[in-house]
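Here's the letter readout for the chains.
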Amino acid sequence: ENLFLSGLTAMEKKLAEYKCNTNEAIQLKLVRFPEDLEDENTTFNPEYSHQVFGDDEVAFGYKGLKILLYYIAGNLSTLFRIEYTSKVNEKFDCVEADDVESKIREIIPPGFCTNTDDFVSLLEKEVNFKPFGMLLHTYSIHNEEAGEDITYQIYKADMTCPGFREYHERLQTFLMWFIETASFIDVDDERWNYFLVFEKYNKDGATLFATVGYMTVYNYYVYPDKTRPRVSQMLILPPFQGEGHGAQLLETVHRYYMSSPTVLDITAEDPSENYVKLRDFVLVKLCQDLLCFSPVKLMQGFSQEMVTEAQQKLKINKQHTRRVYEILRLRATNMGDAEQSRSYRLDVKRRLIGPYKKKQRELAKMRRCLRPEEMTNQLNQIDLNLQREQLEESFQQLVSDYRRVLERLAQA
């Protein structure tokens, strides 16, 4: 029996060496020049791979596994290859390696290259690639490394643009690697709008376009004749993150819908923390010059006037307008002044306590049915102390988020 066990552990040790972390194994690239293929610096990795490889984010059966997914920078033509130094053998090891290839094939559209030569010859045709749809906005950002200003453009596209459907299929595969709960959308539904960011770059004297990121927005119908656009997915590709493209994109999208009389306001589906921070910044930037947000009016508290003006002029909904008000009021408040800071704290906490109070009422109802009176009072007392702590914590967290927004605004 001991022999059997020691054999087992040796086998286990051996098999453990054949496990690879898929976030490290998957190597992504956006390729502009042939030399990018060999350049380690142009490689980036997924943040997530659980949707393709399971919660452990592990592929079994390979040593030194590399899953290469290289994309041509503009039209995203794809090279897909798998490399490894060794692989378990069913005859010899009595176990089978994971079928990595079919897992990747499930999410990338057909028509990819499998060898580098084909990919490089496609790269030469990239000069013909042009952005899809209608140009909405052009901006430039100074790049320290290049020592020059780089120009970016934002386009609005739809499925009627020739080639866009196929391009979008390649583009959306990035969602799997960078959005925790990504899903592909039904592109045959005509109520989707697509907003795309491109960088202009030079190659051998020609101007080419590289994909930077994109946003999908769904136009919900509101009776009788309005729509309520809802931001569904937004992704700035990792090589471009932290440069301000998200803010440019969101502001451009807002401005696009602002010009439409049938749009009520803009919402978002299940927004991430980062998206909320970005939206706070963009909306505060748009709102700060509205008359209803003058310092005098901010000090008088949140008003219907703010809700109406932000919705009519900027297509901002009530909930988001409330946050904008709190951020702008913080800027106008001298937090060193006891009276001003107390007034601010009470104002924000009154909003924060809303959900608690609702929960409290529901609990009280339940307890009336279940328990004698004196117990209820004791429990409520415990709840209140806990609630005060949680409220204070939420408040402090909010204020620090708000300060970051104001710092960014001061630099903008």
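Since the model is a prediction, treat every value here as computed from it, not as a measurement. (Residues numbered from 1 in each chain as written. Predicted model: local features only at pLDDT ≥ 70, side-chain atom pairs only at ≥ 80, totals over all residues. Heavy atoms only, no water.)

Caption draft 1: Expanded view of unusual backbone geometry. In the segment running from Tyr-223 into Pro-224, the intervening peptide bond is cis, with an omega of -5 degrees. Tracing the backbone through its elements, the reader meets Pro-224 in the loop between strand 12 (206–222) and strand 13 (226–236). Within the chain, Leu-76 stands out as a residue other than glycine whose phi angle is a positive 65 degrees. Relative to the helices and strands, Leu-76 resides in the loop between strand 6 (66–72) and strand 7 (78–83). (Helix = DSSP H or I, 4+ residues; strand = E, 2+ residues; numbered from the N terminus.)

Caption draft 2: Local environment of the domain arrangement of the protein. Segmentation of the protein into domains returns domain 1 (14–126), domain 2 (130–331) and domain 3 (333–411). With centres defined by C-alpha atoms, the gap from domain 1 to domain 3 works out at 48 Å. (Domains from an automatic or database assignment.)

Caption draft 3: Expanded view of a positive patch on the surface. Where like charges cluster on the molecular surface, the positive patch consists of Arg-350, Lys-357, Lys-358, Arg-361, Lys-365 and Arg-368. Residue placement: Lys-358 occurs in helix 13 (residues 338–370). (Patch = residues over 30% accessible without salt bridge, like charges linked within 9 Å, V, L, I, M, F, W, Y side chains within 5 Å. Areas by Shrake-Rupley, 256 points an atom, 1.4 Å probe, with all protein chains shown as cover. Salt bridge = Lys/Arg side-chain N within 4 Å of Asp/Glu carboxyl O. Lys, Arg positive; Asp, Glu negative; His and termini not counted. Charge placed at Lys NZ, Arg CZ, Asp CG, Glu CD.)

Caption draft 4: Spatial organisation of the UniProt feature "active site" (unreviewed entry) in the protein. Here, UniProt's "active site" (unreviewed entry) annotation points to Glu-269. Tracing the backbone through its elements, the reader meets Glu-269 in the loop between strand 14 (267–268) and helix 9 (273–287). You can call Glu-269 partly exposed: its relative accessible area is 35%. (UniProt positions renumbered as here; feature names shortened; annotations may be inferred. Buried < 20%, exposed > 50% of the residue type's maximum accessible area, 1.4 Å probe, protein only.)

Caption draft 5: How the structure looks around the layout of surface pockets. By volume, the largest pocket amounts to about 1600 Å³. Along the wall of the largest pocket there are 50 residues; nearest its centre are Met-234, Ser-272, Asn-274, Tyr-275 and Leu-278. Of all the secondary structure elements, the ones that give two or more residues to the lining of the largest pocket are strand 9 (134–143), strand 13, helix 8 (245–258), helix 9 and helix 14 (373–411). Here the lining of the largest pocket is built from residues that sort into 22 nonpolar, 15 polar and 13 charged. Split by domain, the lining of the largest pocket shows at least three residues from each of two domains, domain 2 (130–331) and domain 3 (333–411). As a volume, the second largest pocket reaches approximately 810 Å³. Lining of the second largest pocket is provided by 29 residues; of these, Arg-32, Asn-143, Ile-150, Glu-199 and Phe-240 occupy positions nearest its centre. When residues of the lining of the second largest pocket are traced back to their parent elements, those giving at least two are strand 3 (43–44), strand 10 (148–157), strand 11 (192–203) and strand 12. It is strand 10 that contributes the most residues to the lining of the second largest pocket, 5 residues altogether. (1 Å grid on protein atoms, 1.4 Å probe; cavity = no way out; pocket = protein on both sides within 12 Å on 5 of 7 lines; lining within 4 Å. Points joined across faces, edges and corners; volume = space filled by probe spheres on them. Nonpolar A, V, L, I, M, F, W, Y, C, P; charged D, E, K, R; others polar.)

Caption draft 6: Spotlight on the side chain of Thr-22. Along the chain, the position of Thr-22 falls in helix 2 (residues 22–25). Not counting the four nearest positions on each side in its chain, Thr-22 is found in contact with Ser-49, Phe-53, Glu-57, Val-58 and Ala-59. (Contact = heavy atoms within 4.5 Å.)

Caption draft 7: Quick peek at the sheet that holds strand 11. Overall, mixed pairing links the 6 strands, which are arranged 9-10-11-12-13-14 in an open sheet. For this open sheet the edge positions go to strand 9 and strand 14, each flanked by a neighbour on one side alone. Helix-sheet contacts for helix 7 (residues 164–178) involve strand 10, strand 11, strand 12 and strand 13, and the interaxial angle to strand 12 is about 80 degrees. (Pairing = 2+ DSSP bridges. Axes fitted to C-alpha atoms, helices over the stretch in contact; angles between N-to-C directions.)

Caption draft 8: Spatial organisation of the packing of helix 9 against helix 12 (residues 318–332). Interaxial distance between helix 9 and helix 12 falls to 9 Å at its minimum, and their mutual angle equals 75 degrees. Comparing their axes, helix 12 and helix 9 come out roughly perpendicular. Residues Val-276, Arg-279, Asp-280, Leu-283, Val-284 and Cys-287 of helix 9 touch helix 12, and the partners they reach there are His-320, Arg-323, Val-324, Ile-327 and Leu-328. Tallied by class, residues from the contact of helix 9 with helix 12 come to 7 nonpolar, 1 polar and 3 charged. (Parallel < 35°, antiparallel > 145°, perpendicular 65-115°, else oblique.)

Caption draft 9: The UniProt feature "site: Interaction with histone H4 N-terminus" (unreviewed entry) in the protein, seen in detail. This chain's UniProt record puts "site: Interaction with histone H4 N-terminus" (unreviewed entry) on Trp-192. For Trp-192, the location among the structural elements is in strand 11. Residues in contact with Trp-192, not counting those within four places in the same chain, are Ile-185, Asp-186, Thr-216, Val-217, Tyr-218 and Ser-232.

Caption draft 10: Structural context of the packing of aromatic side chains. Per the stated rule, a full pass over the model turns up 22 aromatic pairs. Pairing Trp-192 with Tyr-218 gives two aromatic rings, centres 4.9 Å apart and planes at 65 degrees, and the pair type is edge-to-face. Linking Trp-192 in strand 11 with Tyr-218 in strand 12, this pair joins segments that are 26 residues apart in sequence. Assigned by exposure class, Trp-192 and Tyr-218 land together as buried. Where Phe-302 meets Tyr-325, the ring centres are 5.3 Å apart and the plane angle is 40 degrees; that geometry is what we call tilted. Taken together, the residues span a long stretch of sequence, with Phe-302 in the loop between helix 10 (295–299) and helix 11 (304–314) and Tyr-325 in helix 12 at a distance of 23 residues. Look at Phe-302 and you get partly exposed, because its relative accessible area is 26%. The exposure class of Tyr-325 is buried, given its relative accessible area of 0%. A cation sits over an aromatic face here: Arg-408 above Phe-281, 4.1 Å from the ring centre. (Phe/Tyr/Trp six-rings, centres within 6.5 Å; stacked < 30°, edge-to-face > 60°. Lys NZ or Arg CZ within 6 Å of the ring centre and 35° of its normal.)

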